[in-house]
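Below are the chains, spelled out letter by letter.
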Amino acid sequence: MSGLKSTLASSPLSCYPGISTPPEGLVRWQLRLEYFAYETLQDLRIAKLFEIIVDYPESFPAIEDLKHCLEYTGQHSKLVESFISALRYRLLTAGASTNDILHQYVSTIKALRTIDPAGVFLEAVGEPIRDYLRSRKDTIKCIVTMLTDGTGGNPSGSGITGDSLLEELNRDEEAQENVGADDDFNIDEKQAWINAARWEPDPVEADPLKGSRNGRKVDILGMIVGIIGSKDQLVNEYRIMLAEKLLNKTDYDIDSEIRTIELLKIHFGESGMQRCEIMLNDLIDSKRTNQNIKATVQPSQTVPESQGSDVSFDILNATIISSNFWPPIQDEALNVPEPVDQLLSDYAKRFHEIKTPRKLVWKKNLGAVKLELQFEDRTVQLTVTPVHAAIIMQFQEQTSWTCKKLAAAIGLPVDVLNRRIHFWISKGILSEALGADPDDHVFTLVEGMADGSKNGGNSTNVEDLLVADEEVETSVASVEDQIRKEMTVYEKFIMGMLTNFSSMPLDRIHNTLKMFCVADPPYDKSLQQLQSFLSGLVSEEKLELRDGVYSLKK
């Protein structure tokens, strides 16, 4: 290697005592032996590179070994080919979760950045991972979770407690910028000439579109966002996840969310995060409004005693949102108990007096309810959704209900009730039996636990449980649901096109919509989103797809 001096041959006189000038053949053999030693260690490290990156950063010394060996042998292409083969065989498979693939991708970037700071070979290694992740539907959601959770981007949680990958990358970027600024400040004219004399062209594997490696640096966040292809998609997914998180909060503590948004604004700009800021401001305003309403209510202003319990404003904390700036909220009809319904009405009336002319519209299916259930032999404390609370409250006066009557009393469809009531059955609080009608089961309250099923958890207060993991439905409409709803506007236009032209391929439908649908709302969907919508129309038997051409169902 030109310009690289062997450490073993650095002092030839000391290697051959008594000989002023060693024979050329001995020096050649010594250099060949040294090269063989470096190459052998390099091959050992490359063969175990997948495991080394899995254990990163604990395996950092092994990465340093590989770096020194590659500097001497120059066999970077062998590393790229071997590692891509290992990725396709061991990671890019249907059995690997998207989270595991993403964390391995981040570890790969961090590890290979040590070997190749300019990221030339990282581009080649990362391309198969990016292509595979683009084919998975949950990639965007997993990326947002990985960026904003508190494990530092490490699934084992070995990062700094409370750190998100976004915070880690931000610190790392600031450190790199400070080092670069110090280098630029301390460099003089003589050193500039020395650096220019040491300039080397990029290797043949380098992508010419990425620019020279001398002015290039590895941007981990940019490479992660590059998987999606658009910052807007990532911001929109984060907005949905933020809305879900805020709606499920039982208090007004949003310090971690404020910190995350400030970091996202650094990378994605303030305009993209404006709606998220408004959502957080709604929580701050809700806390202030909630305190004002409770402070202005007289002690005697409580809902009349009903079903043996007093209901006052003290037990209610409302989250008041500006619906125009939030993602579409899932709405579900629900009949809450009469005392609670009266409490909500009084709260809304008091809000209107303070915030005239604004009015509250309650989403009764959203939120969290803290319950204390007292039985003959135990007391159970739970935090559940309003739907689960409404179900169990019906058993306070009547201990047995048929499925259809209970569904009518709560205002839920029978199939939804059967799915939600399973939670109480699994907790041993309700039992299910066949009724006179096989399709109409009977649910009965279990007052006392059998001796064999008693344990310490039932005789004392149980830990608060949030039933979010039991629910398939979420509080906020997903990105796919929003896109499907937006695309229904163009359904008649697509039907009209296929009526006139009998059949059209996907790209022609896409280009026609872009050309003619310029009014409000303008057509701004991607080819993949249109294909997903058309696949839905095919499954609904409105369209036919043959040989890549769409036509009306005959």
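The structure presented is a predicted model; accordingly, all values stated were derived computationally and were not measured.

Let us now look at the overall build of the protein. Per the secondary structure count, the protein includes 24 helices and 10 strands. Looking at the protein as a whole, 38% of its 554 residues are labelled buried. Long-range contacts, defined here as pairs at least 24 residues apart, represent 66% of the contacts in the protein between residues at least 6 apart. Surface summary for the protein: the accessible area is close to 31500 Å², and the carbon and sulfur share equals 52%.

This next bit is on empty space enclosed by the protein. Taken as a whole, this structure holds one cavity of 30 Å³ or more when the rule is applied. Elements with a contribution of two residues or more to the lining of the largest cavity: α5 (76-90), α6 (98-115) and α7 (120-134).

Mapped onto the elements, S345 comes out in helix α15 (residues 338-354). Overall, the relative accessible area of 38% leaves S345 in the partly exposed class. Remark: the alpha-carbon pair of S345 and W362, spanning 17 residues in sequence, is separated by 9.1 Å.

A word on the sheet that holds strand β9 (residues 543-546). Spatial ordering of the open sheet is given by β8-β10-β9, a layout of three strands whose pairing is antiparallel. The open sheet has two edge strands, β8 (503-505) and β9, and neither has a second partner. Strand-to-strand twist of the sheet, defined as the mean angle between neighbouring strand axes without regard to direction, takes the value 30°. As defined by bridge partners, β8 adjoins strand β10 (residues 549-552) across three bridges and the pair is classed as antiparallel. When the bridges of β10 are listed, M504 appears paired with Y550. On top of the sheet, helix α24 (residues 527-539) reaches β9 and β10; it is set at about 110° to β9, its chief contact.

Examined bridge by bridge, β9 and β10 share four bridges and lie antiparallel to one another. Along β10, the bridge assignment pairs L543 with L552. The hairpin turn running from β9 into β10, its antiparallel successor, is two residues long, and D547 in that turn takes a positive phi close to 55°.

Right, let's talk about the packing of helix α2 (residues 24-47) against α5 for a bit. Contact geometry for α2 and α5: axes closest at 10 Å, N-to-C directions at 25°. Relative to α5, the element α2 is oriented roughly parallel. In this structure, α2 meets α5 at a crossing whose hand is right-handed. Residues E39, Q42, D43 and I46 of α2 touch α5, and the partners they reach there are K78, L79 and S82. Its residues assigned to classes, the contact of α2 with α5 comprises two nonpolar, two polar and three charged.

Reading the values: the criteria
Residues numbered from 1 in each chain as written. Predicted model: local features only at pLDDT ≥ 70, side-chain atom pairs only at ≥ 80, totals over all residues. Heavy atoms only, no water. Helix = DSSP H or I, 4+ residues; strand = E, 2+ residues; numbered from the N terminus. Buried < 20%, exposed > 50% of the residue type's maximum accessible area, 1.4 Å probe, protein only. Contact = heavy atoms within 4.5 Å. Areas by Shrake-Rupley, 256 points an atom, 1.4 Å probe, with all protein chains shown as cover. 1 Å grid on protein atoms, 1.4 Å probe; cavity = no way out; pocket = protein on both sides within 12 Å on 5 of 7 lines; lining within 4 Å. Points joined across faces, edges and corners; volume = space filled by probe spheres on them. Pairing = 2+ DSSP bridges. Axes fitted to C-alpha atoms, helices over the stretch in contact; angles between N-to-C directions. Parallel < 35°, antiparallel > 145°, perpendicular 65-115°, else oblique. Left-handed = near helix turned anticlockwise from the far one by under 90°. Nonpolar A, V, L, I, M, F, W, Y, C, P; charged D, E, K, R; others polar.

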